[in-house]
Amino acid sequence: MKEYWTSLASLLGVLAFCQSLMHSIFPPELRFAFLKFFNRVFHLFSSYCYFDITEIDGVNTNELYNAVQLYLSSSVSIAGNRLSLTRAVNSSSITFGLSNNDSIVDTFNGVTVLWEHVVTQRQTQTFAWRPLPEEKRGFTLRIKKKDKTLILNSYLDYIMERANEIRRKNQDRLLYTNSRGGSLDSRGHPWESVPFKHPSTFETLAMDPLKKQQIMDDLKDFAKGQVFYQKTGRAWKRGYLLYGPPGTGKSSMIAAMANYLGYDIYDLELTEVHSNSELRKLLMKTSSKSIIVIEDIDCSINLTNRKKNSSNVSSSLKKSYYEPETRNGSGSGGSGGSGEEGGNGNNTITLSGLLNFTDGLWSCCGSERIFVFTTNHIEKLDPALLRSGRMDMHIYMSFCNFPSLKILLKNYLGYEEEDVNEDVLKEMERVVDKAEMTPADVSEALIKNRRDKEKAIRELLEDLKSRGERNVKDGKLRCGNGNLTELEVVEEQEKRAIGSQNGGDEGDHDEEEIELEDNICKTRED
């Protein structure tokens, strides 16, 4: 045994001597050149090529590294006994990824690639203005040389897109509001945000299913329409107008749209905006894939239909719809001048400024944005705001009808259509249109009795009947048998609001409005 250890020690001594002799004969430069030559020969005959993606690019974080890490975390083909778990800030889910020096095989368009997560210790830093992490992390991508063009031209772009989708899906959506008085937060941003937790979805939204599907299809076409908008030369944005009586679910519709698309919401409070330039700055600070909301636009600032206010103005003094007429935030009418400095300290947003915000050059400073306006009185809005390109899709939020009533019964009581007595359902179907109850009213009637479902159904039916009888007695129904339906009345009101910009005799217009009101007030026969 002693002879074995003696021989081993002698062998190690010989190796150390040979290594010392090699270092003496061959300088480091020669050894480095030899290794470089050997690697070139190896890669010349190898069918693979390698790409390194480091975590730190100089002093900045490499976005491609983060994208690859997030993309690989979504793969179901990760092999290995050890995985790393992470949860990002404002994220609602936990993601897993490759552990140190682990590898994974991925396939793209029939091409197989190998990813390896390489982690090594960084050399000791003497001094640095920005200390680097102790570990040096990166991904090594191994591909076949024949697939090099496909991978570099398409695969990496695909990874970036998928990573953005995963990040948006995992990250909690945010609800923004503009700071009071135009002030900036600690980071110099004019928007303040909170996590957006509204649970509304299109499945729970009390609306006719066919109408909901139409809206969902329109939203889906918009979200997937980047190539279409580029090909047609249009800005990648879309405008929606939600109008109807209070309590019909306009805010819930906005929340359902945000949850369906995974977009953030920017709730713009116009009364806190002082000028057109401030309005543009707010738009510039919004992100792509977002919904910009202006609720109750007829109440926020004075943007009423100027046609109805023209009786006090001589026809020779009538202004163009695109003339920068001042709109005060108080809604008390316009002040003189251009509107940027007028108003004695009040908010002075002009109609021209708002139009440019929604459909002008400044509206193109981002992409994939949706503008949503809400109002209870569409006839009060200026026709210039209602045209396509600004409010592309007009959505009437109606009183509760039978299809939406069934959705509310399912939401609050868990009742399917077959769970309710057939006679009760028929009676509800008969009286629901006459009752003209909003979804909010029906919801409250169900919420207060949700522990006693039979009582909830019974009291809801009684409430529907009593309201229907009262509306018939008072002549307040919006539709009548053989006359205009509710939808036709609403469409007619919308035409009046839009058509008023085309001029016409004011007296004839008033007579048509009176005739329309007569049709609205006629009752429906049983």
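Cut-offs and rules
- Residues numbered from 1 in each chain as written.
- Predicted model: local features only at pLDDT ≥ 70, side-chain atom pairs only at ≥ 80, totals over all residues.
- Heavy atoms only, no water.
- UniProt positions renumbered as here; feature names shortened; annotations may be inferred.
- Helix = DSSP H or I, 4+ residues; strand = E, 2+ residues; numbered from the N terminus.
- Buried < 20%, exposed > 50% of the residue type's maximum accessible area, 1.4 Å probe, protein only.
- Contact = heavy atoms within 4.5 Å.
- Areas by Shrake-Rupley, 256 points an atom, 1.4 Å probe, with all protein chains shown as cover.
- Phe/Tyr/Trp six-rings, centres within 6.5 Å; stacked < 30°, edge-to-face > 60°.
- Lys NZ or Arg CZ within 6 Å of the ring centre and 35° of its normal.

- In the nomenclature of an unreviewed UniProt entry, the chain is known as AAA-ATPase At5g57480 of Camelina sativa.
- As stated in UniProt under Sequence similarities (unreviewed entry), the record for the chain gives "Belongs to the AAA ATPase family. BCS1 subfamily."
- The UniProt entry for the chain carries the following text under Cofactor (unreviewed entry): "Mg(2+)".

1. A short note on the overall build of the chain
Phase 1: Across its full length, the chain holds 17 helices and 17 strands.
Phase 2: Looking at the chain as a whole, 39% of its 526 residues are labelled buried.
Phase 3: Long-range pairs, those at least 24 residues apart, make up 71% of the contacts in the chain between residues at least 6 apart in sequence.
Phase 4: As displayed, the chain offers around 30300 Å² of accessible surface, 51% of which is attributable to carbon and sulfur atoms.

2. Here we look at the packing of aromatic side chains
Phase 1: Under the criterion given, the structure shown has 14 aromatic pairs.
Phase 2: Here the aromatic rings of Trp115 and Phe139 are separated by 6.2 Å at their centres, their planes lie at 90°, and the arrangement is edge-to-face. Residue Trp115 is found in strand 7 (residues 111-121), and its partner Phe139 is found in strand 8 (residues 135-144); the two are separated by 24 residues along the sequence.
Phase 3: Seen from their ring centres, Phe222 and Tyr229 are 5.9 Å apart, and the 80° between their planes marks the pair as edge-to-face. The residues Phe222 and Tyr229 share a single accessibility class, namely buried.
Phase 4: Here a set of aromatic residues connected by ring pairs shows up, and it is made of Tyr65, Tyr71, Phe108, Trp115, Phe139, Tyr155 and Tyr158.
Phase 5: The ring of Tyr48 has Arg142 sitting right over it, with the charged end atom 4.1 Å from the ring centre.
Phase 6: One Lys or Arg, Arg238, reaches over the ring of Tyr240 and ends 5.8 Å from the middle of that ring.

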